[in-house]
Amino acid sequence: MSKPDYYEVLGVGKTASADEIKKAFRKAAIEHHPDRGGDEAKFKEVNEAYEVLKDESKRKRYDQFGHAGVGSSAASDGNPFGGGFGGFGQGQEVHFDFGDLGLGDIFSSFFGGGMGGQQSARQSRGQDVETSIDISFENAVFGTEAELKLNLDDNCEHCKGTTVEPGHELKTCDECKGSGQVVRVMQTMFGNIQQATVCPKCKGRGKIPEKVCTVCHGKGTQRKSQDIAIKIPAGIDDGATIRLREHGQAIANGPKGDLYVNIRVKPHKQFTREGDLILSSETVSMADAALGTTIEVETVDGPVKMKVPAGTQSGTDFKLSGHGVPHLRGSNRGAHIVTIHVETPTKLSKHQQELLQEFKKSGGKGFWK
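Residues numbered from 1 in each chain as written. Predicted model: local features only at pLDDT ≥ 70, side-chain atom pairs only at ≥ 80, totals over all residues. Heavy atoms only, no water.

Undergrad: Lay out the environment of K58 in plain terms, naming residues and giving numbers.
TA: Here K58 lies in helix α4 (residues 56–65). Linking K58 and V70, residues 12 residues apart in sequence, is a C-alpha distance of 6.0 Å. K58 has contacts with E51, V52, V70 and E274, leaving out every residue within four places of it along the chain. (Helix = DSSP H or I, 4+ residues; strand = E, 2+ residues; numbered from the N terminus. Contact = heavy atoms within 4.5 Å.)

Have a look at this one:
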């Protein structure tokens, strides 16, 4: 399904001024805002269109190349109006199946949820763990595999996490009779009040070991150094988070928590990234820009020859299709946008000055406009 024209989304013409675009955005955003009963999909379109058209360089590339010139992730940074709706532009939220590496969801932020809320809702599982990994720009583009070394609680090898000495079994707790709770009677000025609390002997499990494990002493876990393999998919962006299910802290008689790995992409000395686009610049001489030339452009795939046509102006963008970032949800790749800067010489020989004077007299005064 083709994406809508950004100018049509905001209801403005292609010659609209920045102020007209801003006013149109405010009107459309209020109309479609979900908190006001609007259409969420329309609101996203309006927000995405504005994020492109308000930026002079993005708008220029959009006018020249269409949607391919601004990348597939050029949507907004979130809800500009605050309130209960927002966060759809915070980063990547993609689901992958990574087989036996145990990977689950990929998403770029917790949106304020944090790990504490998950843990309080699920006391019968181990704690979640958060860590980070630095990868190169190229590895973010093409994907890579890495190994994390972490010190985590793992199941006790002796009792396999059951807390029971091998050869023995769990028995019903004699204090709570298997309910996991004990009732205390409190005397207050209003009379006696019964209060149910977690059984202190079995910690709410309802069962206790016939004989406690002699290695972990009933804890069910041991601290270990663990090597964890992680597959980082092609196209992942800086700030994304990979979730590895049940690779967190272990707990007795329950599943492990999850491991969250925050991805930090190192800056590249030559390239920058915008969604699925890679951006770079090249400098050509004034003569080459005027007469035309072919230059060698460095891309993540290696050197690529690119034609610079005669009369190219400084600031002109050229698109190298298929040399950008792979789409996380597909096999296609974005483009590599090359901005040409024309170098004006600061020192000229006498002969060069005479040639330029002749060019100027022959009617070349407005050539560089």
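There is more to say after this.
Undergrad: Run through the confidence of the model for the chain, naming residues and quoting values.
TA: Close reading of the predicted structure is inappropriate where its pLDDT is low. Of the residues in the chain, 84% reach a pLDDT of 70 or more, and the chain-wide mean stands at 82. A low-confidence stretch, residues 74–122 stays under pLDDT 50, and its non-local contacts, those more than four residues away or across chains, total 118 contacts. (pLDDT = per-residue confidence, 0-100.)

Undergrad: Hey, could you go over the nonpolar core for me, with residue numbers and the actual values?
TA: One finds Y6, L10, V12, I21, V46, L53 and Y62 to be the most contacted residues of the largest nonpolar core, which totals 19 residues. For this core, the elements supplying multiple residues, two or more each, are α1 (6–10), α2 (18–32) and α3 (40–53). Among residues more than four places away in sequence, those in contact with V12 are Y7, E20, I21 and A24. Among the nonpolar cores identified, the runner-up in size contains 18 residues, and V129, A140, A240 and L244 belong to it. (Core = buried A, V, L, I, M, F, W, Y, C linked by side-chain atoms within 4.5 Å. Buried < 20%, exposed > 50% of the residue type's maximum accessible area, 1.4 Å probe, protein only.)

Undergrad: Hey, could you go over the packing of aromatic side chains for me, with residue numbers and the actual values?
TA: Describing an aromatic ring pair means giving the distance of the ring centres and the angle of the ring planes. Counting across every chain of the model gives four aromatic pairs. Seen from their ring centres, F25 and Y50 are 3.9 Å apart, and the 5° between their planes marks the pair as stacked. In this pair, F25 is assigned in helix α2 and Y50 in helix α3, connecting sequence segments 25 residues apart. Between the aromatic rings of F137 and F271, the centroid separation amounts to 6.1 Å while the plane-to-plane angle is 45°, which identifies the pairing as tilted. Residue F137 is found in helix α6 (residues 137–142), and its partner F271 is found in the loop between β11 (259–265) and β12 (272–274); the two are separated by 134 residues along the sequence. The pair F137 / F271 is uniform in exposure class, with both members buried. (Phe/Tyr/Trp six-rings, centres within 6.5 Å; stacked < 30°, edge-to-face > 60°.)

Undergrad: Describe α3, listing the residues and the values that go with them.
TA: For α3, spanning 14 residues, the distance from its first C-alpha to its last is 20 Å, which sits close to the expected 20 Å at 1.5 Å a residue. All buried positions along α3 are accounted for by F43, V46, N47, E48, A49, Y50, E51, V52 and L53. Structurally, α3 contributes buried residues whose contacts are with α1, α2 and α4. (Expected span 1.5 Å × (residues − 1).)

Undergrad: Tell me about the side chain of E48, and name the residues and values.
TA: Take E48: it is sitting in helix α3. Among the polar contacts listed, one links the side chain of E48 to the side chain of Y6, at a separation of 2.5 Å. (Polar contact = N/O pair within 3.5 Å; in protein donor to acceptor, adjacent residues only side chain to side chain.)

Undergrad: Describe the packing of α3 against α4, with residues and values.
TA: α4 packs onto α3 with a crossing angle of 105° between their chain directions and a minimal axis gap of 6 Å. As summarised for this structure, α3 and α4 are arranged roughly perpendicular, according to the angle between their axes. On α4, the residues that touch E51, V52 and L53 of α3 are K58, R59 and Y62. A class-by-class count of the residues in the contact of α3 with α4 yields three nonpolar, no polar and three charged. (Axes fitted to C-alpha atoms, helices over the stretch in contact; angles between N-to-C directions. Parallel < 35°, antiparallel > 145°, perpendicular 65-115°, else oblique. Nonpolar A, V, L, I, M, F, W, Y, C, P; charged D, E, K, R; others polar.)

Undergrad: Residues and numbers for the environment of D238, please.
TA: Along the polypeptide, D238 turns up in the loop between β9 (221–232) and β10 (241–244). Linking D238 and I263, residues 25 residues apart in sequence, is a C-alpha distance of 5.8 Å. When residues no more than four places from it in sequence are discounted, the contact partners of D238 are I263, R264 and V265.

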